[in-house]
Every structure is written in structure tokens, then in C-alpha cells.
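Given next are the chains, with one letter for each unit.
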Amino acid sequence: MRDKKLDIYRGLIMMYVVGVIHTLFWFPVSNHVLKSLFLFEMAVVFFITGASYSLSSKKSYIKYLISRVPRVIVPYLIFGLFVIFIQYIAYILGTSITDSPINIFVYDTLHPLKKPGIFIPFITWHLWFMPVYLLLVPFIPPMFKLFESLKGIFKFIPLLFIAILVFYFENTTLNIDFKSVIFYAFWIYTGFFYTKFKDVNISVVKNIAISSILFIALVLIVKGDRYVLNMSTNKFPPNFTFLVFTMTAFSFLYMFRKVILKFGDLPYIRNIVDIYSAYGFTLYLYQPFTYLLLQPIYLYLFNLTGYNFILRCVLTLINIVAVILINIIFAKTFGRFENFKLKFNSSNIDMKNNVDMKQAS
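**Overview of the overall build of the protein**
- Within the protein one finds 17 helices and 2 strands.
- Relative to the 2.2 N^0.38 estimate, which gives 21 Å for 361 residues, the radius of gyration of the protein is 21 Å and therefore close to what a compact globule would have.
- Considering only contacts in the protein between residues 6 or more positions apart, those separated by 24 or more positions represent 76%.
- Counting only carbon and sulfur atoms, one obtains 71% of the accessible surface of the protein, whose full area is about 18700 Å².

**Topic: the packing of aromatic side chains**
- Summed over the entire model, instances satisfying the criterion amount to 47 aromatic pairs.
- Plain terms: the ring middles of Phe79 and Tyr286 are 5.2 Å apart, the flat faces sit at 85° to each other, and that makes the pair edge-to-face. Separated by 207 residues along the polypeptide, Phe79 in helix H3 (residues 61–92) and Tyr286 in helix H15 (residues 280–305) bring together distant segments of the chain. Each member of the pair, Phe79 as well as Tyr286, carries the same accessibility label: buried.
- Ring centres of Phe330 and Phe334 lie 6.4 Å apart, and the angle between their planes is 15°; on these two criteria the pair is classed as stacked.

**Side note on the side chain of Arg10**
- Relative to the assigned elements, Arg10 resides in helix H1 (residues 4–26).
- Looking at Arg10, the relative accessible area reads 11%, which means it is buried.
- When residues no more than four places from it in sequence are discounted, the contact partners of Arg10 are Arg2, Ile48, Ser52 and Ser277.

**Notes on the pattern of salt bridges**
- The final tally for this structure, using the stated rule, is 6 salt bridges.
- The closest approach of N and O atoms between Arg270 and Asp265, which form a salt bridge, is 2.5 Å.
- Asp265 sits in the partly exposed class, given a relative accessible area of 44%.
- Three or more residues are tied together by salt bridges with common partners; here these are Asp265, Arg270 and Asp274.

**Some points on helix H7 (residues 157–169)**
- End to end, H7 covers 18 Å across 13 residues, agreeing with the expected 18 Å (1.5 Å per residue, within 8%).
- Among the residues of H7, Pro158, Leu159, Ile162, Ala163 and Val166 are the ones counted as buried. What you see down the axis of H7 is that its buried residues fit within an arc of 140°, all on one side. In H7, those exposed residues whose orientation departs by more than 90 degrees from the buried face are Leu160, Phe161 and Tyr168.

**Describing the packing of helix H2 (residues 41–55) against helix H8 (residues 176–191)**
- As a packed pair, H2 and H8 sit with axes 6 Å apart at the nearest point and diverge in direction by 40°. In terms of orientation, H2 and H8 fall into the oblique class. Viewed along their axes, H2 and H8 form a crossing whose handedness is right-handed. Two secondary-structure elements touch here, H2 through Met42, Ala43, Phe46, Phe47, Gly50, Ala51 and Ser54 and H8 through Tyr184, Trp187, Ile188, Thr190 and Gly191.

**Points about the side chain of Thr49**
- Following the sequence through the fold, Thr49 ends up in helix H2.
- Excluding residues within four positions of it along the chain, Thr49 makes contact with Tyr133 and Ile140.

**As for the nonpolar core**
- Core analysis: the largest hydrophobic core is formed by 105 residues, its most contacted members being Phe46, Phe129, Tyr184, Trp187, Phe192 and Tyr276.
- The dominant element in this core, judged by the number of residues it contributes, is H1, at 13 residues.
- The contact partners of Tyr276, leaving out residues within four places of it in the chain, are Gly11, Met14, Met15, Val18, Leu283, Val323, Ile324, Asn327 and Ile328.

**Quick look at the environment of Leu146**
- Tracing the backbone shows Leu146 in helix H6 (residues 140–149).
- Here Leu146 falls in the partly exposed class, since its relative accessible area comes to 38%.
- Sequence-wise, Leu146 and Lys5 are 141 residues apart; in three dimensions their C-alpha atoms are separated by 25 Å.

**Structural notes on the packing of H7 against H8**
- Where H7 contacts H8, the axes come no closer than 9 Å and their chain directions differ by 160°. When the axis of H7 is compared with that of H8, the two are roughly antiparallel. In this structure, H7 meets H8 at a crossing whose hand is left-handed. Two secondary-structure elements touch here, H7 through Pro158, Leu159, Ile162, Ala163, Leu165, Val166 and Phe169 and H8 through Lys179, Ile182, Phe183, Ala185, Phe186, Tyr189 and Thr190.
- Class assignment for the residues of the contact of H7 with H8 results in 12 nonpolar, 1 polar and 1 charged.

**So, a nonpolar patch on the surface**
- Judged by side-chain polarity, Ile153, Phe154, Phe156, Ile157, Phe197, Val200, Ile202 and Ile210 come together as a nonpolar surface patch covering roughly 740 Å² of accessible area.
- Examined against the element boundaries, Phe156 turns out to sit in the loop between H6 and H7.

**Focus: the confidence of the model for the protein**
- Mean pLDDT over the protein: 90, with 93% of residues reaching 70 or higher.
- When the criterion is pLDDT under 50, residues 346–361 qualifies, and its contacts beyond four places in sequence or with other chains add up to 39 contacts.

**What to know about helix H13 (residues 257–264)**
- Buried residues of H13: Arg257, Leu261 and Gly264, and no others. Seen end-on, H13 carries its buried residues on one side only, within an arc spanning 65°. Along H13, exposed side chains directed more than 90 degrees from the buried face belong to Lys258, Val259 and Lys262.

**Focus: unusual backbone geometry**
- A cis amide bond links Phe236 to the next residue, Pro237, at an omega of -5°.
- Even without being a glycine, Tyr268 presents a positive backbone phi close to 75°.
- Relative to the helices and strands, Tyr268 resides in the loop between H13 and helix H14 (269–278).

Cut-offs used in this document
- Residues numbered from 1 in each chain as written.
- Predicted model: local features only at pLDDT ≥ 70, side-chain atom pairs only at ≥ 80, totals over all residues.
- Heavy atoms only, no water.
- Helix = DSSP H or I, 4+ residues; strand = E, 2+ residues; numbered from the N terminus.
- Rg over C-alpha atoms; globule rule 2.2 N^0.38 Å.
- Contact = heavy atoms within 4.5 Å.
- Areas by Shrake-Rupley, 256 points an atom, 1.4 Å probe, with all protein chains shown as cover.
- Phe/Tyr/Trp six-rings, centres within 6.5 Å; stacked < 30°, edge-to-face > 60°.
- Buried < 20%, exposed > 50% of the residue type's maximum accessible area, 1.4 Å probe, protein only.
- Salt bridge = Lys/Arg side-chain N within 4 Å of Asp/Glu carboxyl O.
- Expected span 1.5 Å × (residues − 1).
- Arc of directions from axis to C-beta.
- Axes fitted to C-alpha atoms, helices over the stretch in contact; angles between N-to-C directions.
- Parallel < 35°, antiparallel > 145°, perpendicular 65-115°, else oblique.
- Left-handed = near helix turned anticlockwise from the far one by under 90°.
- Core = buried A, V, L, I, M, F, W, Y, C linked by side-chain atoms within 4.5 Å.
- Nonpolar A, V, L, I, M, F, W, Y, C, P; charged D, E, K, R; others polar.
- Patch = residues over 30% accessible without salt bridge, like charges linked within 9 Å, V, L, I, M, F, W, Y side chains within 5 Å.
- pLDDT = per-residue confidence, 0-100.

Right, dumping it as C-alpha cells:
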């Protein structure tokens, strides 16, 4: 079952990740800690993952796992081959993009749970997402079954349990990927509530009250000695402060949801939103090359303008728009690999090209 609102949210958040977040953090826009308050994006991405699954037609567990292959693994392998091709071209030109032996580089590049060692900027910085997502995928169906089996207020108990785990494990030596898996499981499970609450209208007064309480809790937490205000530090690995921060951000986003939807549905904007909704993973994978293309121009302009705050804001906004638009080239080039869909028959499995981008889930 398609949900047009969710499609808009999906497209907008991918535009936000690719354009806003990585402009702020991959380019020297500012070193101010306040820019870390924009880092709620991946919580939204995993929330939408949970919401999408709750709306999808349910298939057997094995079929569900196999369906992730053309949706995630195939595009990632194509991306890996593209990176290996770049290394091959670099080798012909007498240089390299890695310090690793070629066999290790190829293995790491094609392994979705590993990050290849590349010393030029951007190319692998965003790949932390892959192992977290792939480790979470097998747990989504059983998490949803648990959600469906619980009634009333008991549906919220797993959220409380996950929040306790986030707090308990934050100071342990548990692998950062597993800490991230626990954290983002919270937001996948929260996404299951989308079907039940998407049409519920919380009054402005209640929304402001909830947002204020969460914000005050966040302020009190970071005032102590255990945590810092910088959400970049709290995000890798995600800790309890980052959980409260993302909950606060969600509360504010909910308050402005109608404005967000209207913006995403504007003429011309909606066309871009639809592309980012349908080919979000492809656009996420290949965005580093857009940043590499724009980096010389961006740095040159910033050197010309010095530290004038208004000019820096204008240039940052221009870069955000440029990244979002130029990055669409990769959707047109590699998006076809994201739109393969496995069709299950009684006796065999056929792979076909899904030509309607609206069917991408």
C-alpha cells in the first residue's frame, strides 16, 4: 500500500541528507557546535524504513530477505565496481586512491560490511550506514510481529527496553556498529506506529508542551559531566543523549509536518522529491562524486569571501541546491540497478526491471 505522504517524507529526507547534512559536514562551512543540531536525519531514515515495512504487503521471511538483494546489495556492488574502475584509471595514470594492496582493496570495496581504505575525501565517509542497515534488516519482520502482538500501551514497552539498552551499552566496549543497530532499532520500531498515528492530530499546545519537555530534558542532560552538546560526538556511536535529541527533533518536525508536506508537494520541487524517493539509495551512494566535482569551486569561492557570515550562508545554500540537482545525474545513470525487483512464482524466481519508479520501496 503506497502512502503519498511517506513518499514525500522519504524524498525530502534523502535530499536533506545528501544536500544539507553533507554540505555542512563535508565542506568547511563552520566549526560551530550548533550545526550538529541538524543531525537528526538518520533517525528519520530508519523511522521511514519501519513505516514503509508496516505498510508493505507481507511476504515470507525468506522472500523478504531475498527481496533486499536487488534493492540494496546489487546497487552497492555496482557502486563498488565503479570505485574499483576509478582505482584502475588511477593506476593507468600512475597514481592510486588507496594504500591497500589491490586484492584487499577489491575485497573490501565489494564487501558491504567493510569500508575500503581510500585516502581521497568523501568516497567512503558515508558507508558506515551499510553494515548498520544490513544488520538490522533481518530483525525488521520479527520486530513488526512483536509490535502487532502487543496491545494498547504495551506496544511501547520495546521502545523503553531499547532506550535502556542504548543507555546501558554506551560506555561499554561493544562494537560501534552494534551500538548503532540497537539505537536505530528504536526508530524502526517507532516507524511501525506510523499507520496508527499518521492521521492523528495532536493539538499545538500539547505538541509545544511535549517538545518543550524533551528540550528541557536534553538541556539538563548535556549540562552534566557525562555528555557534551556536540551531537556529532553523541552520534558516533549514538548514545542516550542522542536518543533524547532525535526524539526532540521528531517532536518539532511533527509540529511542522503540514508545512513540510506542502513544500515537498510544490511544483518542480515534487519532481525532484519523487526522484529522491525512488532512487534514494543510489543518490546516497554516489553523492561523494558530486562533492568532489563541486569542491574546487566551493573552496575557491569561500576563499574569496573570507568569513562574512551572510555570504557564507548564501554560498552554503547555493551548494546545497547544486548538490541536490547535479546528484540526479547518478540516479539517471545508475538508478536502473536499484529498480530491479524479484518476482516470486510458485516454482521459480524471475528478476525483472521495475520501470515505474513509484513502485520503488
